[in-house]
Every structure is written in C-alpha cells, then in structure tokens.
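Analysis of the macromolecular model
Below, each chain spelled out in residue letters.
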Amino acid sequence: MPTNFTVVPVKDNTRKADESNEEEDVDDNNVLKEEDEGTTGDGVPKENSPFINNTDNDKGNSYDGTNMALFEEEMDSNPMVSSLLNKLANYTNLTQGAQEHEEADDDEGGRLLSHPSPQMGTFMGVYLPCLQNILGVILFLRLTWIVGTAGILESLAIVGLCCSCTMLTAISMSAIATNGVVPAGGSYYMISRSLGPEFGGAVGLCFYLGTTFAGSMYILGTIEILLTYIVPKAAIFVAERKEDEVDALLNNMRVYGTCCLALMAVVVFVGVKYVNKLALVFLACVILSILAIYAGVIKTIFEPPDFPVCMLGNRTLQNHNFDKCLKTDIIDNLTVTTQLWKLFCDGTGLNATCNKYFDDNNVTMVQGIPGLTSGVISENMWSKYGPLGMLVENKLTSNGRHDPSQDIYLPYVVNDITTFFTLLVGIYFPSVTGIMAGSNRSGDLRDAQKSIPIGTILAIATTSFIYVTCVVLFGACIEGVLLRDKFGDSVKGNLVIGTLSWPSPWVIVIGSFFSCCGAGLQSLTGAPRLLQAIARDGIVPFLQVFGHGKANGEPTWALLLTAGICEIGILIASLDAVAPILSMSVSYVLACCLPLHRPRFKYYHWALSFLGMSLCLALMFISSWYYAIIAMAIAGCIYKYIEYRGAEKEWGDGIRGLSLNAARYALIRLEEAPPHTKNWRPQLLVLLNLDSDQGVKHPRLLSFTTQLKAGKGLTIVGNVIEGTYLTKEAEAKKAEQNIKSSMSAERTKGFCHVVVSSNLRDGFSHLIQSAGLGGMKHNSVLMAWPGTWKQSNDPQSWRNFIETIRETTAAHQALLVAKNVDSFPTNQDRLGEGTIDVWWVVHDGGMLMLLPFLLRQHKVWRKCKMRIFTVAQMDDNSIQMKKDLQMFLYHLRLDAEVEVVEMHDNDISAFTYEKTLMMEQRSQMLKQMQLSRTEREREAQLIHDRNTASHATINDKADTGPERVHMTWTKDKLFTERNRNRECNTNVAVRDLFNMKPNQSNVRRMHTAIKLNEVVVNKSQGAHLVLLNMPGPPRNRGGDENYMEFLEVLLEGLNRALLVRGGGREVITIYS
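Predicted, not measured: the structure shown is a model, and the values here were computed from it.

The subject of this paragraph is the overall build of the protein chain. A count of helices and strands for the protein chain gives 32 helices and 15 strands. Out of the 1072 residues in the protein chain, the part that is buried amounts to 46%. Contacts in the protein chain between residues at least 24 apart in sequence constitute 81% of all its contacts with a sequence separation of at least 6. For the protein chain, the accessible surface area stands at approximately 55,800 Å², while carbon and sulfur atoms represent 56% of it.

Dropping the structure here:
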C-alpha cells in the first residue's frame, strides 16, 4: 500500500531580523567574530550530521530557526526531515544504521571522492555480463562430449539440477539485494553483510579461490582451443607414441598457459579500462557463436554438412594421418595400400602382417552430422559411460572376438578419463556459476535493487533455455561416436560443436577462443578486487597487505597473489581436473535461509532458500567430494581465525538473527521445567567490587570463575554503583567497560551487568532477583569475603554482606564466598602436587562434592587430589561413617580420600569465654559509638533549625512592637550541658561493659567455631584450597555482628578458603 507524504513549508519570520542584527553587530565591531564550534550565534547547539559522508558544508548547515524550537535540544540526534531527504538523494550516503554498517577507514585517510553517478541499466549492467560468464568454455568444449557420454536424458538431468540450483540461489540473492541499498562491492558485500564477518570472510575467501581457479579454467580452455583447433603445429612437446600424447598435451598446456597467464596479468595491471572496453567484443563473439549453432541446426534439416567419420568395424578411427577411409585403393588399375593400411600393418605390401581386428573387419564411413530429421536422437538417448582407455564404438557389429585393451595405442578414439555421472556434474557445474557477474557490478548500476534480481533471473532463464535446447539439438543432429569424441579426432581435429555451426566451423572456433580469453581476463580482474575488498574490511588481519595497491586504487598485491594461485591451476593442466575445484565457489549460497528484514523481492521464501542450500551442498559433494571437504575445511579454519583474531564488525547480519531465534527457542524450552539434578551446574552471578577509579578490586575472583566454569554454562558478572542513573550513567558505562576488559584478560566468558541504585543494598538485591532471562538464570552467587569489615567505620559493608546471604537463601540460590581471593591462582599458574580439602559438616545438596570435581577439570587444579573430611560426634560410629562415605563417593564416580574427624564435647575453655566476651564488648562499644555519632548529628541539626527559626521571628517582629526579653540557651551553654550529661552516660556505659557476662548462646557458637577451626587448621593448613560449609546468619538481626566474628574465627589461619552454602536442592546424584 503506497504511503503519501505531504511537505508543508513553514516560514521563519525571524530570520531576516536576525540577519540584520548580525550585520549591524559586524559593522559596529569592524571584525568578523567566529562563533564557538558547536553553537550558533544565539547559543543554540548546531545539528551534527548523523551521516557518513558529511562534508564541511554539511557541518555548517545548523538549525537556527524558532518555528521548530520545541525540538531544538534533540537536533543532534534527530535531524530535520529535510536534511534526511536531502542526504537520501545520493544512495551512497547511508543514513539509518550507516555508522554500524560501514565505519570510516581512517588508515586510508581522507574523504570519499565524488564519483559520477552510475548509468548502467539492467540489460547492459547485469543481463549481458551474466550471459558472457555462463555461456563459455564448457558449452563450446565439453557439452557435446557430456551429451554423448551421459545421453540426452541424463544430460537434461545434469542441466536441470545445476540450473535449478542457480535459480534458487538467484532468488535468495535477489532477496538479499533488495533488502537494502547495495553500494559498490557486489557479491562479497551482499554475502558478508548477510552472513556476518566470520561467515562472510570464510565464504568470501572461498568465493575468491573459486573465481581464481575459474581464471585457470578459462586460460586452459583458451590454450586447448589454440593448440588443438587453431595452430596444432605450435606445440612444443610432440609425442612420438600414442601413449605419450596425453603427457605431451599437458606439458604444452603448462607452458602456453603460464605465458598466457603472464600476458593477461600484464594487461590487467596496465589498465583495466582496456579489459572493460574489450568485454563487449568478447560478448559479441559469444552471441555470434550461439546464433551460428542454431543456424547450423536449422541448416541440417535441408542440407546436413559433410563430416564423415571413418569406422573400422564398430570402432571409431582418428582421422589425422590418412585422407581416405579405405584399406586399399585402385590407382591405374592397380590395387595399392592406403595410409590407413600403414597404421595397422607392418608393411605397405598386400601380404604384410596386419592387426587381427583390422583383418577381420571392414572400413565404413558414417555421417558425423546426419541432421535433425535423421532419427539419431533415439540412439543418443542413453548413457555410455566407460573406463579410461575404452574405445569409442557405435551400434555396428564387429567380426571376431578381440581384446580392446590391446588396441588402445592404435589410432582409435578412446576415453581419456574414466567417465561417470558425478564426474560430468562436476565438469558441467562451473559453467552455470557465473550468475554473480551482474551483482559484481553493483557500483555501476543505476538501480541495483531493481537490476540485480531482474537481470540475473532473466540471464539464468535464457542460458537454461540455451543449454537445454543445445542438449536436445546436439543429441538429435550429431552421431553418437562423434559426440563422444572429445577433441574431434575423428573429423580431422575439428571442434565438434564447430562441425554443426553455419556458415563455417571457424565461427565457433574463433568465437570460443575470444570468449575464453574474455572470461579469463574478467576473472583476473574481478578476483583481485574481491580480495582487496576482504582485506580492506579488516576482518582477516593477515590479508591487510593486499588491501593496498597503486595510487588509483588498483589492487597490485592482490593481483600478484591471484596470478600465483591461478598458476597452480595452470600446472594441473587438465581442464577436466580444474573444473571440479570451482565447486568451492558454490559455498556462497549459504547466504540463503537467513531471516531477512524487509526484502522488496516478493517471491522469496525461506523454504526456497533452504532447498537451494541443500541442493548446492549436495552438488558440491557430487561434483567432487574431496574438493568439497577441502573447501569446507578451509572455510572452517578461516571462520575460527576471524572469530579468534579478526576485527569485530557489526553489520546487522542474518547470523545474529538466527542466533536470536535459536536463543529464544532455547530459553522457552528451558523455562518449561526446572533442570534435572543430572543437568545441574553452577550458573554463577559474580558480585564484583570496584575501586574509586571504577577498576576491578579482585580480578582473581574472575580467574577463579574461569577455572570453575571452563567457559561452560552461564556467568553473569555484576556490580552496583550507588546513585541515580541520570547522574551516574558515564560511570556505569566506564565500569562496564572495565569489567569487560578484566573478563577478557582473565578469559571469563559471560555477560556483564552494572546496576545503578540509590544504595548498594537494593542494587545487590535487584541483581540477585532479576539477573538473567527466563530459564537462563543464575543459581549460584560468588563473592569475595569482606576482609576489612573490622577496620571499616561504616557497618553497612558487613550488613550488606549478611543481607546478601539471607537473600540468596530466600531465593534458593547457592552461595560461594572466597576468602583471601587475591591469593588464589591465576589462569597461568599450574599448582603442583597438593590437595583440595572438603570439610563436609552438614549436607548442602552436594555442592561441596561438585565444586572440587569441576575445579579439577581445569589445568590449574588438575594435579590436585581431593580429600573429604567429615565430623563425627560422640554417638557416631566413625568406622561405619567412613565406609558409607567411601561407598557414596564410589557411586558418585568421584576419586577422593576420606577421613572422619572426631570432635568430642569438651568443656568450654576460658579462652572461649574470653573470646566471646571481647566480641560482645566490642559490639556494644560500636553500638554506643554509633549512637553517639547519631546524637551529635541530630543535635547539630536541631541547633541549626532553632537558629534559623529565631532569626526569622526577629525579622518578622522587628517593626510590630517593643522589644521583648527572651531567656534562651546559648550555644556554648547548651554544649556544656550536653557534654556533662554525655560524660555521665559514658561512665555508666563503661561500667556496664566491664560488668558484662557473655551470652550463653554466643559462647556455644564461639566454642564450635574455635574447635572446628583448630581441627581444620591442623589437617588442612597446607592444602591449596579448603572448602567448608557456611553456617547461616542468625534469625535475629541483632546478632549480625557476632555472626561475622564467628565466621572470622572459623576461617582464621587458612590461606585459601571457600565458604559454600547450598541452595536448598540436590545438585549431584548417584543415578545415571
């Protein structure tokens, strides 16, 4: 449904007045005053251009009117619609999302140069280039042989399979091309922006390799035409025996191919403009050749051309070294032997010894091109595959029984390679991979979004029609033995397809020669630019050198690398061996099946893309399974390299859309039911503390997280900044950046979550409650022990710690508290022989068992042994407890030493009483100090309020009547009286402290902490890590400070300790 826009002009009546005032100011001062950058004359901020290609003129176009003053404060981020529409006049100025798609390349420097607007349309810009690349070397040199070998039916299957693949790919490519503006960059641009930098770089480099080897294939085709059909005498290597002919041909291809490659590379280096000018000439040759073929087919109806094929029995003879298809000839009434006789006999006489098959069979001649109405189509309908060296035979019967393998070195036409269906698919498929030729010229198109879909699909439809009709017409016009004669040996070395053309075979020979030359030049022109585009994107660091070139931007270094890789294909020398390598280029079709945003192309559906992707992958393996595996291995290595070392790019690619869909689906599945005990793993929320500069205080906490998680599961690193988000936004972003840097340095894979809250207590509460999403939420909290809680004047620090413990318990989340976390090992450390000691006092769901096992999976703790200590009371059977624990560990598949420590109910020592009394006295003193501080603050505020009220009353009543005398307290008198009362209260409080008796409940708790600490220190002081059950905080909040003292006593003397508190559920099971 079209959208109508109405542009309403708004007059600014104040502009003229402002301009006149400015002129008066200038005249009065006789100087030109420059305004401050970023503001206009009236103090209104300028509108910063949000566009990529903004110029100095753009920066000066600021908004200084008053009609839209309501929006003036947001002009920096939301420009006027008039500015937006003005920028859209040139489609290269991407506006929405341009900053994210194409960042300015500072290394290249300078502003983008203005180029003339492109003027190429669909026909010249897309349709004809695609025709030239699709109709090329395979059509002229191999299609007749494919039809003769595979038969018409299987040849139609090959053509239909390959053309269907390219059509489905073109549909996906059309959707991508109409999914947004397509600037210069063509195929690689669309691929990389659809698949993202990792996939884009990997597929782009495979596409580059395929394009480069396509150049090798075209050059080999050029040399084959030159040496086989134009100037055969130019061969440097000449075979003296028939069995050496293949090696001689390959050597000639290598020599002449290298020279041709060097010549073409020089042409491309000197000037690409000459290549572009010759492109139309080469294209004209292709079109003339196609027309000559159809004209020749029509002519065969009335007058078939005379190209006889000499047959010996049912075997096809090479017609190079004899003129007459006769064994003997009558000259002057005398019977004489012919040149053919000399090829099969050991002498020229009639009584010479000849080959037995030659003696038993007669020589006949069949018409190579019987014509369209001859009925030969029925004979060419079925396939005739065969091994290497198989003789090319027809349906005629031969006399006698003979072994064909003994005659392959005689002048027969034989198979030069073993033929089968998949081989022919691999040879034919590269002929249809030229569909990207039009999209590669996207920078030269007037309307790329319109031209690329229409031109590409029409070109595929046209070429598909040509290939299908050629398959049928070749099978209907040409004799089967001639179709299977790959090099035209049976027709005196003529190009087989040339024998069908009209008016002369040379039309096809010359046309195919220039067609292959043009395609080779186009490949050597396009491949370096593709590599240069990849290098300039910066996604593959080691390729950046190939992004540079000559002063005019020509990719010199990329051309050298392309020529070097192309030479590898030349050295292979066989056109049939190089063609399957081009299956690598088909990997670009993985761009299909992606969630596009708003494509203008109406006929796109994900099912078509999925079908195209499946078909292309199948064709890769059908063409050449080993080349396909190599291509996928190369792509996989490049993908991992870019992921590990490449530059981070955000192009809004479809892979992120797929990841989002997959993540959403997985989150919904996770929330359907709680995880089973077998699947339970600690998903951590790490609470970090930052210093005044927003730096991480305890980076070893992140190291410990990495060692515990090993990059698996969920890790959320959280922090709370005190204040409001409006005032602390910059600090929050800085803190988040610092935390991410520390996570990267410590190799902690996870997410960062910084919360700004009015107080730390609420902030930590928000993190514990809301961190994560759906089923992907944390189930454990990791934090550092507040080591300076005793020295701190602010009790809020340890109160926040205790409240965090209470909240994790209420949320049924496990809690891990690391003491002396700065002494924990880094990721580079390797702990030697030692132990991880677990003190299992109370059952917490199995957390104490699971954590050491997970730690030992990391290389830092791998050499450590696990020891488990449990505490036995007086009534417990220690021996039986040990046996039961060993059996339990056996069922848990845990390897650990077991020891039962007996703790008897000894009398409470005087030291315990003294320790408890000192703890309670300290707590009482701190409460009094806090109360005194609060009272002083309240008194100062009260005096301030009274003085303010007194001054106000005096000012109000100064003029209303006679002065009245007020008996008031002076400030000094008030302080003196207050201090006297405070001294009395302090003396009473001090006497109460010395007369205190410890609380019996606290004494029992202190006794437990001291005795358990003695046992732990005695057994585990040398352990690398000690894990203990963490006792819960008291239900009465009045004993919170005593709780901190109990924990301090419990951990005293331990270097590395981890307090563990379970989440209220079983986390480990003995069942499978």
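This is not the end of the story, as more comes after the structure.
Across the sheet, which stays open at both edges, the 10 strands sit in the order 8-7-6-9-10-15-14-11-12-13 with mixed pairing between neighbours. If you trace the sheet from one side to the other, it starts and ends with strand 8 (751–757) and strand 13 (897–902), each paired once. Taken over all neighbouring pairs, the strand axes of this sheet differ in orientation by 20° on average, direction set aside. Bridging between strand 14 (residues 1025–1029) and strand 15 (residues 1057–1061) involves 4 bridges; their strand directions are parallel. Paired with Val-1026 across the bridge in strand 15 is Ala-1057.

The next point concerns the nonpolar core. Met-217, Tyr-428, Tyr-467 and Phe-474 are the most contacted members of the largest nonpolar core, which has 136 residues in total. Counting residues per element, this core draws most heavily on helix 8 (residues 186–230), which supplies 21 residues. Contact partners of Met-217, with chain neighbours within four places excluded, come to Val-137, Ile-138, Pro-430, Leu-575, Val-578, Ala-579 and Leu-582. Ranked by size, the runner-up nonpolar core spans 53 residues in total, among them Trp-680, Met-743, Val-1060 and Ile-1068.

With 7 of its 7 residues buried, strand 11 (residues 834–840) lies for the most part within the structure. Where burial is concerned, the two faces of strand 11 agree: the one with Gly-834, Ile-836, Val-838 and Trp-840 and the one with Thr-835, Asp-837 and Trp-839 are both buried. Here 7 bridges tie strand 11 to strand 12 (residues 864–872), and the two strands are oriented parallel to one another. Its bridge partner lying in strand 12, Ile-836 is registered against Met-866. You can see the chain leave strand 11, run along helix 27 (residues 847–855) and come back into strand 12, and the turn it takes is right-handed. Bridge analysis of strand 11 against strand 14 gives 4 bridges, and the strand direction is parallel. Bridge pairing in strand 14 links Asp-837 to Val-1026.

This part takes up the packing of helix 9 (residues 245–270) against helix 17 (residues 505–537). As a packed pair, helix 9 and helix 17 sit with axes 10 Å apart at the nearest point and diverge in direction by 60°. Here helix 9 lies oblique to helix 17, going by the angle between them. Remark: the crossing between helix 9 and helix 17 carries right-handed chirality. Every residue of helix 17 that contacts helix 9 at Leu-261, Met-264, Ala-265, Val-267 and Val-268 is listed here: Cys-517, Gly-520, Leu-521, Leu-524 and Thr-525.

When pLDDT is averaged along the protein chain, the result is 78, and 76% of the positions lie at 70 or above. Between the elements of the protein chain, mean pLDDT differs from a low of 38, seen in helix 4 (residues 98–101), to a high of 94, seen in strand 6 (residues 684–687). Scored below 50 in pLDDT, residues 1–66 makes 59 contacts in the model with residues more than four places away or belonging to other chains. Contacts from residues 88–115, a stretch scored under 50 in pLDDT, to residues over four places away or in other chains number 35 contacts.

Right, let's get into the packing of aromatic side chains. All chains considered together, the criterion is met by 14 aromatic pairs. Between Phe-123 and Tyr-127, the ring centres sit 5.6 Å apart and the planes meet at 25°, which makes this aromatic pair stacked. With a gap of 4 residues between them, Phe-123 and Tyr-127 both fall in helix 5 (residues 122–134), about one helical turn apart. The class for Tyr-127 is buried, based on a relative accessible area of 15%. With 6.4 Å between their ring centres and 20° between their planes, Phe-282 and Phe-514 make a pair best called stacked. Taken together, the positions of Phe-282 in helix 10 (residues 272–302) and Phe-514 in helix 17 put the pair 232 residues apart, joining distant regions of the chain. Under the relative-accessibility criterion, Phe-282 is labelled buried at 7%. Taken together, the ring pairs connect Trp-341, Phe-344, Phe-358 and Tyr-412 into an aromatic cluster.

If a probe the size of a water molecule is rolled over the atoms, the empty space left behind becomes visible. In the structure shown here, the tally under the stated rule is 7 cavities of 30 Å³ or more. Among the elements of the structure, helix 9 and helix 18 (556–572) are those that each provide at least two residues to the lining of the second largest cavity. Considering only residue class, the lining of the second largest cavity consists of 4 nonpolar, 1 polar and 3 charged.

So, on to the state of the cysteines. Within this structure, the stated rule accounts for 2 disulfides. A sulfur-sulfur distance of 1.7 Å marks the disulfide that ties Cys-345 to Cys-354. In this structure the cystine formed by Cys-345 and Cys-354 twists about its S-S bond by roughly 105°; its chirality is therefore right-handed. Residues Cys-345 and Cys-354 agree in their burial class; the two are buried. Free cysteine Cys-163: the closest other cysteine sulfur is in Cys-162, separated by 6.8 Å. Residue classification places Cys-163 among the buried residues on the basis of a relative accessible area of 9%.

Below, the discussion takes up the sheet that holds strand 1 (residues 308–312). Backbone-to-backbone hydrogen bonds pair the strands of a sheet. The strands run either parallel or antiparallel. Reading across the sheet, the 3 strands line up as 2-1-5 and stay open at both edges, with antiparallel pairing between neighbours. Each edge of the sheet is formed by a strand with only one pairing partner; in this case those strands are strand 2 (315–316) and strand 5 (363–367).

Turning next to helix 9. In this model, helix 9 (26 residues) spans 37 Å end to end at C-alpha, consistent with the 38 Å of a helix rising 1.5 Å per residue. Buried within helix 9 we find Ala-248, Asn-252, Met-253, Gly-257, Cys-260, Leu-261, Met-264, Ala-265 and Val-268.

A separate point is unusual backbone geometry. Looking along the chain, the bond that leaves Trp-502 and enters Pro-503 is cis, with omega of 15°. With respect to the helices and strands, Pro-503 occurs in the loop between helix 16 (496–500) and helix 17. Its identity is not glycine, yet Arg-747 carries a phi of approximately 60°, on the positive side. Residue placement: Arg-747 occurs in the loop between helix 24 (725–745) and strand 8. Assessed through its relative accessible area of 55%, Arg-747 is described here as exposed. For Arg-893, which is not glycine, the phi dihedral falls at a positive 60°. For Arg-893, the location among the structural elements is in the loop between helix 28 (878–891) and strand 13.

A word on the pairing of strand 1. A regular strand places its side chains so that they alternate between the two faces of the sheet. Counting buried positions along strand 1 gives 4 out of 5 residues, so the element sits mostly inside the fold. Looking at chain direction, strand 1 and strand 5 are connected through 5 bridges and run antiparallel. Paired with Met-311 across the bridge in strand 5 is Thr-364. Bridging between strand 1 and strand 2 involves 2 bridges; their strand directions are antiparallel. Among the inter-strand pairings, Leu-312 is bridged to a residue of strand 2, identified as Arg-315.

The next point concerns the pattern of salt bridges. Summed over all chains, the structure comprises 18 salt bridges. The closest approach of N and O atoms between Glu-729 and Lys-733, which form a salt bridge, is 3.2 Å. Here Glu-729 and its partner Lys-733 are both found in helix 24, 4 residues apart, which amounts to about one turn of the helix. Given a relative accessible area of 32%, Glu-729 falls into the partly exposed group.

Here the focus is the side chain of Thr-178. Mapped onto the fold, Thr-178 is located in the loop between helix 7 (143–177) and helix 8. A distance of 2.9 Å separates a polar atom in the side chain of Thr-178 from the backbone oxygen of Ser-174. Side-chain polar atoms of Thr-178 contact the backbone oxygen of Ala-175, separated by 3.3 Å.

With that settled, the discussion passes to a positive patch on the surface. A grouping of Arg-747, Arg-830, Lys-859 and Arg-862 is seen on the molecular surface, where their side chains present a positively charged patch. Tracing the sequence through the fold places Lys-859 in the loop between helix 27 and strand 12. Of the residues examined, Lys-859 reaches a relative accessible area of 38% and is grouped as partly exposed.

About the criteria used
- Residues numbered from 1 in each chain as written.
- Predicted model: local features only at pLDDT ≥ 70, side-chain atom pairs only at ≥ 80, totals over all residues.
- Heavy atoms only, no water.
- Helix = DSSP H or I, 4+ residues; strand = E, 2+ residues; numbered from the N terminus.
- Buried < 20%, exposed > 50% of the residue type's maximum accessible area, 1.4 Å probe, protein only.
- Contact = heavy atoms within 4.5 Å.
- Areas by Shrake-Rupley, 256 points an atom, 1.4 Å probe, with all protein chains shown as cover.
- Pairing = 2+ DSSP bridges.
- Axes fitted to C-alpha atoms, helices over the stretch in contact; angles between N-to-C directions.
- Core = buried A, V, L, I, M, F, W, Y, C linked by side-chain atoms within 4.5 Å.
- Right-handed = clockwise from strand over helix to strand, strands pointing away.
- Parallel < 35°, antiparallel > 145°, perpendicular 65-115°, else oblique.
- Left-handed = near helix turned anticlockwise from the far one by under 90°.
- pLDDT = per-residue confidence, 0-100.
- Phe/Tyr/Trp six-rings, centres within 6.5 Å; stacked < 30°, edge-to-face > 60°.
- 1 Å grid on protein atoms, 1.4 Å probe; cavity = no way out; pocket = protein on both sides within 12 Å on 5 of 7 lines; lining within 4 Å.
- Points joined across faces, edges and corners; volume = space filled by probe spheres on them.
- Nonpolar A, V, L, I, M, F, W, Y, C, P; charged D, E, K, R; others polar.
- Disulfide = S-S within 2.5 Å.
- Expected span 1.5 Å × (residues − 1).
- Salt bridge = Lys/Arg side-chain N within 4 Å of Asp/Glu carboxyl O.
- Polar contact = N/O pair within 3.5 Å; in protein donor to acceptor, adjacent residues only side chain to side chain.
- Patch = residues over 30% accessible without salt bridge, like charges linked within 9 Å, V, L, I, M, F, W, Y side chains within 5 Å.
- Lys, Arg positive; Asp, Glu negative; His and termini not counted.
- Charge placed at Lys NZ, Arg CZ, Asp CG, Glu CD.

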